[in-house]
Amino acid sequence: MLLEKMLEYNRKFVEGEDLPRKTPRYPNKHAVVLTCMEPQLETLLSDALNLHDGDVEMIKNAGALVSDSYDSVMRSLLIAVYERRADEVFVIGHRDCWMEDFEYKSTIERMSLQGISDESLDSAGQEKNLAEWLGSYQKVEDMVKESVHTIESHPLLPEDIPVHGLILDPDTGKLDVIVYGF
Ligand SMILES: [Zn+2]
């Protein structure tokens, strides 16, 4: 398992010269970023936006989506604003996002193939509308605009916090502004 390799590396890391770098407690750039979880953005986003350790609070999920006004992403954004001194919100989607081709039906099929029973699917379906919850095909522009709209219209977000919507091109590193928040 990967965990064993990680633990082995970690033992060497702790004993080695590269001591963990101290980073500030609050974000240097007073901002919070919601972006996609895909590995292709891992270092590109930081390089393309000149972000370093400790600069921003970063929230990641599939497609940089806020699925619900009171989901855990929205809670984290509000905590970043009120408790972590973030005064600007960035929603950053990206071209070639895997979520653009995502179709919930194939995930449900994979769940069945990996041994999730019909009973479990039915009981989950009673808790949540799985089609809505897992989501389906959307263009990245629409995903970004939808997340920005949910965040900026939230009753608990102060009106003077700008919420920007951006799309990063992973091939060139270019950032396009979809929504310029005020
Ligand atoms: Zn993505």
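Per chain, residue numbering runs from 1 following the sequence as it is written. pLDDT decides what is reported in this predicted model: residues at 70 or higher carry local features, side-chain atom pairs at 80 or more are listed and counted, and totals for whole chains, interfaces and linings draw on all residues regardless. Neither water nor hydrogens contribute to the side-chain values; these are computed over all heavy atoms in the structure.

Explain the coordination of the zinc ion to me, using residue names and the numbers behind them.
Coordination angles at a metal have ideal targets, namely 109.5 degrees for four tetrahedral donors and 90 or 180 degrees for six octahedral donors. Every protein donor of the zinc ion is accounted for by Cys-36 (SG), Glu-38 (OE), His-94 (NE2) and Cys-97 (SG), and the metal-donor separations fall at 2.0 to 2.3 Å. Coordination at the zinc ion is tetrahedral: its 4 donor atoms span angles of 96 to 120° at the metal. Atoms of type N, O and S within 2.8 Å of a metal are treated as its donors, and for Na, K and Ca the window is 3.2 Å; water is not considered, so some sites may appear to be missing partners. One chain supplies every donor for the zinc ion, spaced along it as C-x1-E-x55-H-x2-C. With a gap of 56 residues between them, Glu-38 in the loop between strand S1 (32-36) and helix H2 (44-49) and His-94 in strand S3 (residues 89-94) connect regions that are remote in the sequence. Each residue's exposure class comes from its accessible area (1.4 Å probe, protein chains only) as a fraction of the maximum for that residue type: buried when under 20%, exposed when over 50%, partly exposed otherwise. You can call His-94 buried: its relative accessible area is 0%. Here the metal geometry follows the donor angles, with tetrahedral for four donors whose angles all fall between 85 and 135 degrees, square planar for four and octahedral for six when opposite donors are more than 155 degrees apart and every other angle is between 65 and 115, and irregular for all the rest. Numbering of helices and strands runs from the N terminus; a helix is a DSSP stretch of H or I covering at least four residues, while a strand is a stretch of E covering at least two.

Got a sec to walk through a nonpolar patch on the surface? Specific residues and values, please.
A surface patch of nonpolar side chains, amounting to about 570 Å² of accessible area, comprises Met-1, Leu-2, Leu-3, Met-6 and Leu-7. Mapped onto the elements, Met-1 comes out in the segment before helix H1 (2-15). Note on patches: the residues involved have over 30% relative accessible area and no salt bridge, like charges join within 9 Å, and the nonpolar side chains Val, Leu, Ile, Met, Phe, Trp and Tyr join within 5 Å. Each accessible area is a Shrake-Rupley estimate made with a 1.4 Å probe; only the visible protein chains count as cover when residues are assessed. Salt bridge criterion: a side-chain nitrogen from Lys or Arg within 4 Å of a carboxyl oxygen from Asp or Glu.

Let's hear about the sheet that holds strand S2 (residues 57-61): which residues, and what values?
Across the sheet, which stays open at both edges, the 5 strands sit in the order S2-S1-S3-S4-S5 with mixed pairing between neighbours. The open sheet is flanked by S2 and strand S5 (175-179), the only strands paired with a single partner. Taken pair by pair, the neighbouring strands of this sheet meet at an average axis angle of 25°, ignoring direction. Note that S1 and S2 share 5 bridges and pair parallel. Across the sheet, the residue bridging to Val-33 is Met-58, located in S2. Any two residues having at least one pair of non-hydrogen atoms within 4.5 Å are treated as being in contact. Whenever a helix is involved, its axis is fitted only over the stretch in contact; in every case the axis is a line through C-alpha atoms, and angles between N-to-C directions fall within 0 to 180 degrees. The strands that helix H3 (residues 72-83) touches are S1, S2 and S3; relative to S2, the one it contacts most, it runs at about 175°. The pairing criterion for strands is at least two bridges between them, as found by DSSP.

Quick rundown of the nonpolar core? Include the residues and the values.
Counting residues in each nonpolar core, the largest one holds 40 residues, and the members touching the most others are Val-32, Leu-77, Val-89, Ile-151 and Leu-157. Counting residues per element, the ones that place at least two in this core are S1, H2, H3, S3, helix H7 (140-152) and strand S4 (163-168). In terms of residue count, H3 provides more of this core than any other element does, 6 residues in total. Excluding residues that lie within four positions of it along the chain, Val-89 makes contacts with Val-32, Leu-77, Val-81, Ile-151, Ile-161, Pro-162, Val-163 and His-164. Take the buried Ala, Val, Leu, Ile, Met, Phe, Trp, Tyr and Cys residues and link them wherever side-chain atoms come within 4.5 Å; each set so joined is a nonpolar core.

Would you mind going over the pattern of salt bridges in detail, with residue names and values included?
Inspection of the entire model under this criterion finds 7 salt bridges. As a salt-bridge pair, Glu-8 and Lys-12 come within 3.5 Å of each other at their nearest N and O atoms. In this pair, Glu-8 and Lys-12 both sit in helix H1, 4 residues apart, roughly one turn of the helix. The exposure class assigned to Glu-8 is partly exposed, which follows from its relative accessible area of 42%. Look at Lys-12 and you get exposed, because its relative accessible area is 55%. Taking the shortest distance from any N to any O, the salt bridge between Arg-95 and Glu-141 comes out at 2.7 Å.

Run through unusual backbone geometry, naming residues and quoting values.
In the Ramachandran plot, His-30 falls in the positive-phi region, its phi being about 50° despite a non-glycine side chain. Checked against the element boundaries, His-30 lands in the loop between H1 and S1. Look at Arg-85: it is not a glycine, yet its phi comes out positive at around 65°. In this structure, Arg-85 sits in the loop between H3 and S3. Note on Arg-85: relative accessible area 49%, which makes it partly exposed.

Just distances and angles here, no functional claims.
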